[in-house]
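Report on the structure
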Amino acid sequence: MIAVIQRVSQASVTVNQQVIGKIDRGILVLLAIEPDDNETKAKRLAQRIAGYRIFEDEVGKMNLNVSDIDGEILVVSQFTLAADTRSGMRPSFTSAAKPEVSIPLYNYFCLQLRGHGFAVPTGEFGADMKVALVNDGPVTFTLTC
């Protein structure tokens, strides 16, 4: 699993000109699932994101996690993160999991985050989505499991 997480002051995802997911301060997660991914990896990645300390404390150090700041988490599927870009002039998506593997794991990942107390609005798997965000910092990390 590959997750690009961004600390945001706000983020939203729109499908067919309708906002289907929106958060204020928190984390936007762009998530890709690879063929060898499983529920164990999804659970571990959700734990890491819920506990990842990327928010500033009173002295300006990244010591707080999203729960500490009463933040929110928005998850958007993005299979392009799993692209093989090592050669040529066009990405290959053979390293991304097929929908029959990725959809259940995507849903399981979101369920795990909900288990940490977050509402977890999401995008729509496989849809043409428009993602808007205000990256706070900017702060962006890539996490893998």
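Coordinates for the structure precede this section.
Just so you know, these numbers come straight off a predicted model, no measurement behind them. (Residues numbered from 1 in each chain as written. Predicted model: local features only at pLDDT ≥ 70, side-chain atom pairs only at ≥ 80, totals over all residues. Heavy atoms only, no water.)

A few words on unusual backbone geometry. Residues apart from glycine generally show negative phi values, whereas peptide bonds are mostly found in trans. Residue Pro138 is reached from Gly137 by a cis peptide bond, and omega for that bond is 0°. Relative to the assigned elements, Pro138 resides in strand β7 (residues 129-144). Even without glycine at this site, Gln17 takes up a positive phi of about 60°. Inspection of the secondary structure puts Gln17 in the loop between β1 (2-15) and β2 (18-23). With a phi angle near 55°, Asp70 is a residue other than glycine that sits in the positive phi range. Considering the arrangement of structural elements, one finds Asp70 in the loop between β5 (62-64) and β6 (72-77). (Helix = DSSP H or I, 4+ residues; strand = E, 2+ residues; numbered from the N terminus.)

This brings us to helix α1 (residues 39-51). When the terminal C-alpha atoms of α1 are compared, their 18 Å separation across 13 residues agrees well with the 18 Å that a helix rising 1.5 Å per residue should span. Taken together, the buried positions of α1 are Ala42, Leu45, Ala46, Ile49 and Ala50. Looking straight down α1, one finds its buried side chains confined to an arc of 130°; they lie on one side. Of the surrounding elements, those touching the buried residues of α1 are β1, β3 (26-32), β6, α2 (99-114) and β7. The N-cap residue of α1 is Asn38: its side-chain oxygen and the backbone nitrogen of Thr40 are 3.0 Å apart. (Expected span 1.5 Å × (residues − 1). Buried < 20%, exposed > 50% of the residue type's maximum accessible area, 1.4 Å probe, protein only. Arc of directions from axis to C-beta. Contact = heavy atoms within 4.5 Å. Polar contact = N/O pair within 3.5 Å; in protein donor to acceptor, adjacent residues only side chain to side chain.)

Next up on the list: the packing of α1 against α2. Close contact between α1 and α2 brings their axes to 9 Å; oriented N to C, the two are set at 40°. Compared by their axis directions, α1 and α2 come out oblique. As α1 packs across α2, the resulting crossing turns out to be right-handed. Between α1 and α2, the residues in contact are Glu39, Ala42, Lys43, Leu45, Ala46, Ile49 and Ala50 and Leu105, Tyr108, Phe109, Gln112 and Leu113, respectively. By residue class, the composition of the contact of α1 with α2 is nine nonpolar, one polar and two charged. (Axes fitted to C-alpha atoms, helices over the stretch in contact; angles between N-to-C directions. Parallel < 35°, antiparallel > 145°, perpendicular 65-115°, else oblique. Left-handed = near helix turned anticlockwise from the far one by under 90°. Nonpolar A, V, L, I, M, F, W, Y, C, P; charged D, E, K, R; others polar.)

The nonpolar side chains of soluble globular proteins are, as a tendency, buried together. Ranked by internal contacts, the top residues of the largest apolar core, which has 29 residues, are Val29, Leu31, Ile49, Val75 and Phe109. Listed by contribution, the elements that provide at least two residues to this core are β1, β3, α1, β6, α2 and β7. Considering every element that reaches this core, the biggest residue donor is α2, with six residues. In contact with Val29, not counting residues within four places along its chain, are Ala3, Val4, Ile5, Ile49, Ile73, Leu74, Val75, Val76 and Phe109. Of all hydrophobic cores here, the second largest spans 11 residues; its members include Val4, Ala11, Leu30 and Val76. (Core = buried A, V, L, I, M, F, W, Y, C linked by side-chain atoms within 4.5 Å.)

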